[in-house]
Amino acid sequence: MTLLETYIKELRDSQHAAVKETSYYGALANLFNEIGRTLKPKVRYIITPKGQGAGLPDGGLYTAQQLKRVGAAAATIETTPPERGCVEAKGLSEEVERIAAREQVAKYLERYGQVLVTNYRDFLLIG
């Protein structure tokens, strides 16, 4: 099964018991982490990283080197913004353009430099 097929299957298998946004976080994390393993530098997706003054994004995209650098110093990662930006995910019925127009996304953009907006089927990178 391809990476995309696995992602869609995870979404489909969860749909009847899922709430519109958070129930799909795991499928999204699996997708991003599999893709992130192939990148140079490698990128790791962290679900709901600690807020950095702009609210709580649904995910953060950290480089492997960034996570390695902080190592055992967990307090350091709490204050380190995700180097590759953050993710704002909303329910399947929402349109990414409308999500992207929200004030919250503007705050994330200002703080993190890049925001990947998704409704789990469409993706829009703002930077």
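The structure under discussion appears in the preceding block.
Scoring rules and cut-offs
- Every chain is numbered independently, its residues counted from 1 as its sequence is written.
- It should be noted that, the model being predicted, local features are given only for residues of pLDDT at least 70 and side-chain atom pairs only at 80 or more, the latter also being counted only at that level, while totals for whole chains, interfaces and linings use all residues.
- Only hydrogens and water are removed before side-chain values are computed, so all heavy atoms of the structure are retained for them.
- Per the convention used, a helix needs a DSSP run of H or I reaching at least four residues, while a strand needs a run of E reaching at least two, with both numbered from the N terminus.
- Only heavy atoms enter the contact rule, under which two residues are in contact if any of them lie within 4.5 Å.
- Values of accessible area rely on a 1.4 Å probe in the Shrake-Rupley scheme; residue burial ignores everything except the protein chains shown.
- Points on a 1 Å grid, built from protein atoms alone, make a cavity when a 1.4 Å probe fits but cannot get out and make a pocket when they are open with protein on both sides within 12 Å along at least 5 of 7 lines; residues with an atom within 4 Å of a point are the lining residues.
- Grid points are joined across faces, edges and corners, and a volume is the space filled by probe spheres set on the points.
- Nonpolar residues are Ala, Val, Leu, Ile, Met, Phe, Trp, Tyr, Cys and Pro. Charged residues are Asp, Glu, Lys and Arg, and all others, Gly as well, are polar.
- Between buried and exposed lies partly exposed: a residue is buried under 20% and exposed over 50% of the maximum accessible area for its type, with that area taken using a 1.4 Å probe on protein chains only.
- Should DSSP find at least two bridges between two strands, the strands are regarded as paired.
- Note on aromatic pairs: the rings of Phe, Tyr and Trp (six-membered ring only in Trp) are paired at centre separations within 6.5 Å, and the planes decide the class, stacked below 30 degrees, edge-to-face beyond 60, tilted for the rest.
- Note on geometry: a ring has a charge over it if NZ (lysine) or CZ (arginine) is within 6 Å of the ring centre and within 35 degrees of the ring normal.
- Working rule for helices: expected span equals 1.5 Å times residues minus one.

Peer 1: So what exactly am I meant to see when it comes to the overall build of the protein chain here?
Peer 2: Regarding its fold elements, the protein chain presents 6 helices and 5 strands. Scanning the protein chain from its N terminus toward the C terminus, one meets helices and strands in the order α-α-β-β-α-α-β-α-α-β-β. Here the contacts in the protein chain between residues at least 6 apart in sequence split such that 48% fall between residues at least 24 apart. By element, 55% of the accessible surface of the protein chain is carried by carbon and sulfur atoms, the whole surface being about 7400 Å².

Peer 1: Explain unusual backbone geometry to me, please; I cannot follow it from the model alone.
Peer 2: Each neighbour pair has its own omega, and for Lys40 with Pro41 the value is 0°, a cis peptide bond. Tracing the sequence through the fold places Pro41 in the loop between α2 (25–37) and β1 (43–47). Despite not being glycine, Thr48 has its phi angle at roughly 40°, a positive value. Relative to the helices and strands, Thr48 resides in the loop between β1 and β2 (59–63).

Peer 1: Looking at this structure, how should I read the layout of surface pockets?
Peer 2: If a probe as big as a water molecule is rolled over the atoms, it shows which places are left empty. By volume, the largest pocket amounts to about 210 Å³. Surrounding the largest pocket, Leu31, Phe32, Ile35, Gly36, Leu39, Lys40, Pro41, Val43, Leu61, Arg84, Leu116 and Phe123 form its lining. Taken together, the residues of the lining of the largest pocket sort by class into 9 nonpolar, 1 polar and 2 charged.

Peer 1: Looking at this model, I keep getting lost on the pairing of strand β4 (residues 115–118). Mind explaining?
Peer 2: Along any regular strand, the residues point their side chains to alternate faces of the sheet. Here β4 shows a buried face lined by Val115 and Val117 and a second buried face lined by Leu116 and Thr118. Inspection of the sheet shows strand β3 (residues 86–89) paired to β4 by 4 bridges, in the parallel sense. What sits directly across from Ala89, in β4, is Thr118. Where β4 folds back onto strand β5 (residues 123–126) in an antiparallel hairpin, the turn is made up of 4 residues, including Tyr120, whose phi is positive at roughly 80°.

Peer 1: What should I look at first to understand the packing of aromatic side chains in this one?
Peer 2: Ring pairs (aromatic) are described by centroid distance and by the angle formed between their planes. Inspection of the entire model under this criterion finds 4 aromatic pairs. Every member of this aromatic cluster is reached through a ring pair, and the members are Phe32, Tyr45 and Phe123. Sitting over the face of the ring of Tyr112, Arg111 holds its NZ or CZ atom 5.9 Å from the ring centroid.

Peer 1: Just checking my understanding: could you explain α2 for this structure?
Peer 2: Residues spaced three or four apart along an α-helix face the same direction, because each turn holds 3.6 residues. The terminal C-alpha atoms of α2 lie 18 Å apart, and with 13 residues this matches the ideal 18 Å at 1.5 Å per residue to within 8%. Of all the positions in α2, only Tyr25, Ala27, Leu28, Ala29, Leu31, Phe32, Asn33 and Gly36 are classed as buried. For α2, the elements touching its buried residues are α1 (3–14), β1, β3, β4 and β5.

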